[in-house]
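Descriptive analysis of the structure
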Amino acid sequence: MRVQRLAAVAAIATLGFGLAACGKSGTPTATPGNGASSGAAGTGDQCVSSGANLTPAGNVSLTGSPTYDKVKSGGKVVVGVKADQPNLGYKDASGNRCGFDIEIAQLVAAKLGVAKDKIEYKEIPSANRETAIKGGEIDYYVGTYSITDKRKADVAFAGPYFIAGQDLLVRKDDSSITGPDSLKGKKVCSASGSTPLQRVRDKKLTEDANISEFKTYSECVSQLLDKRVDAVTTDDAILKGYAAQNPSKLKVVGKPFSEEKYGIGLAHDDKALRDFVNDALAAAEKDGVWQKIYDGTLGKSGSSATVPPLERY
Amino acid sequence: MNTFLHTLTDNGELFWRGFKTTIELFLISAIGSLVLGTLLAAARVSPVPILRAVGMTYVQVLRNTPLTLIFAFLVFAGPKLDIGLEYFPSACVALIAYTSAFICEVVRAGVNTVSPGQAEAARALGMTFPQVTGQIVLPQAFRSIVPPLMSVLIAMLKNTTIAAGFSVVEAGAIPQYMSERGENQFATLIWIVIGFLLLIAPLVTLQRTLERKWGVAR
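Residues numbered from 1 in each chain as written. Chains lettered and ligands numbered in written order. Predicted model: local features only at pLDDT ≥ 70, side-chain atom pairs only at ≥ 80, totals over all residues. Heavy atoms only, no water.

Turning our eyes to something else, we now look at the pairing of strand E10 (residues 211–214) of chain A. All names here are of chain A. Here E10 shows no split at all, with Ile-211 and Glu-213 on one side and Ser-212 and Phe-214 on the other all buried. Note that strand E9 (residues 188–191) and E10 share 4 bridges and pair parallel. Looking at the pairing, Val-188 lines up with Ile-211 of E10. With helix H7 (residues 195–202) bridging E9 and the parallel E10, this β-α-β connection has right-handed handedness. (Buried < 20%, exposed > 50% of the residue type's maximum accessible area, 1.4 Å probe, protein only. Helix = DSSP H or I, 4+ residues; strand = E, 2+ residues; numbered from the N terminus. Pairing = 2+ DSSP bridges. Right-handed = clockwise from strand over helix to strand, strands pointing away.)

Structure (structure tokens):
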């Protein structure tokens, strides 16, 4: 009798844990991908590069840049990146990195004559970016880093290499949301306390009770797939990354209602390097490498993007 | 010191909204888990074997599952099983489900302090099981469990902060808002601690009052 009871408890406990495990795996990555075209990327976990040609340059003519002198003598470059944004700045389970920002970073490294395996990546939280660049902890930073006048006081920016804007990610079969003005009565999700969320609140795009917030965007995307919310909002670059992960179920609306210019963060006084990186971006935009990188990463979401004009200063 | 005060006064609306939700969560979950916990305790000491088994299984499963998992189950797995609860009710359900397992055990411990002679005497008078439990045993049991019961409730008050990760903007969500606003994190956390101390003070007073009122010399 006693043994039987124990067995029953064990069985129910196992069931409970099994269900709990479901809760944990309820992330969008668990949804089966879209098959052939990007089978690996569909599962969201394995990194696939865009295949753009990023061979290191043979002879680099860059003088007067303390950062480059350090790179040349050390034989490696230290890049600040993000690691939790699929198809943008991502690190998969086996430690490979991929995404639009990552490949832009690799592109710059290649122009500096540094091979891919000589790049050292450092994940720098958004709040520490200026400190990391100023302190020389990283040589440059590529990771949804918006160019603002306030930041220009501390660091320099090359670029912009991408113009993002707050947009909406919705289910592919949902045609009722066409832009920020059609959000009334719809449930909107974003990261807790974030600027995009505050903008939705301030502009009264939807009722307060319809705003939900989670710590990460992947949790919002999971709620979107489960029809608990109707839209996820933040910079379109981030949203396109999720749409590219699951193009058969998600789409980006494509009506941005803010403008963020993503730049490459550099040491404030290293003008030589800034001009060099701008030249590198200009070349990549001209010879189609930029487009190839985009198509192989964020472009898989189905939305297109145009090359932004550089803002040299 | 000035910046410290301004951290609170400049964001008063955020702190107010956060702690208000915390209080709502706490009150609903406290009442819910006291009721459910007591019912479970009654089931666990009842003469019906199936009720005892249900009570024991419930306690073992819920008490041994991390609270975050219960939240995640309701919010992320729930929709896949067509359990369509809103976020605030989900948080209440998670807190009640988890806390009632602890309350059940505390109440059961209290029941065990009541001499079996009491229940036997009541039964001899012809009282039914609900009458014996509700009128004889539980009132005496509650008297001895005031301190551990308050500890469970205080723990639950602090557990409400987990809801911040599941789309309920309560006190636990304040730090994230404040960091986005560029406010001092240290001052923010100190103010949240002060807030919780203020919330716990009435619970401690209630515990003292009840102990004084219900205390008996044995």
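We now examine unusual backbone geometry. The omega angle of the peptide bond from Gly-159 of chain A to Pro-160 of chain A is 5°, so this bond is cis rather than trans. Tracing the backbone through its elements, the reader meets Pro-160 of chain A in strand E7 (residues 155–164). The residue Thr-144 of chain A is not glycine, and still its phi comes out positive at about 40°. As for its placement among the helices and strands, Thr-144 of chain A is situated in the loop between strand E6 (140–141) and helix H6 (149–152). We note that Ser-167 of chain B has phi near 65°; this positive angle belongs to a residue other than glycine. Tracing the sequence through the fold places Ser-167 of chain B in the loop between helix H8 (146–159) and helix H9 (174–180). When its relative accessible area of 9% is taken as the criterion, Ser-167 of chain B is described as buried.

In the numbering used here, UniProt assigns the "domain: Solute-binding protein family 3/N-terminal" (unreviewed entry) feature to residues 76–301 of chain A. The span residues 76–301 of chain A carries 32% helix and 26% strand; its end-to-end C-alpha distance comes to 33 Å. (UniProt positions renumbered as here; feature names shortened; annotations may be inferred.)

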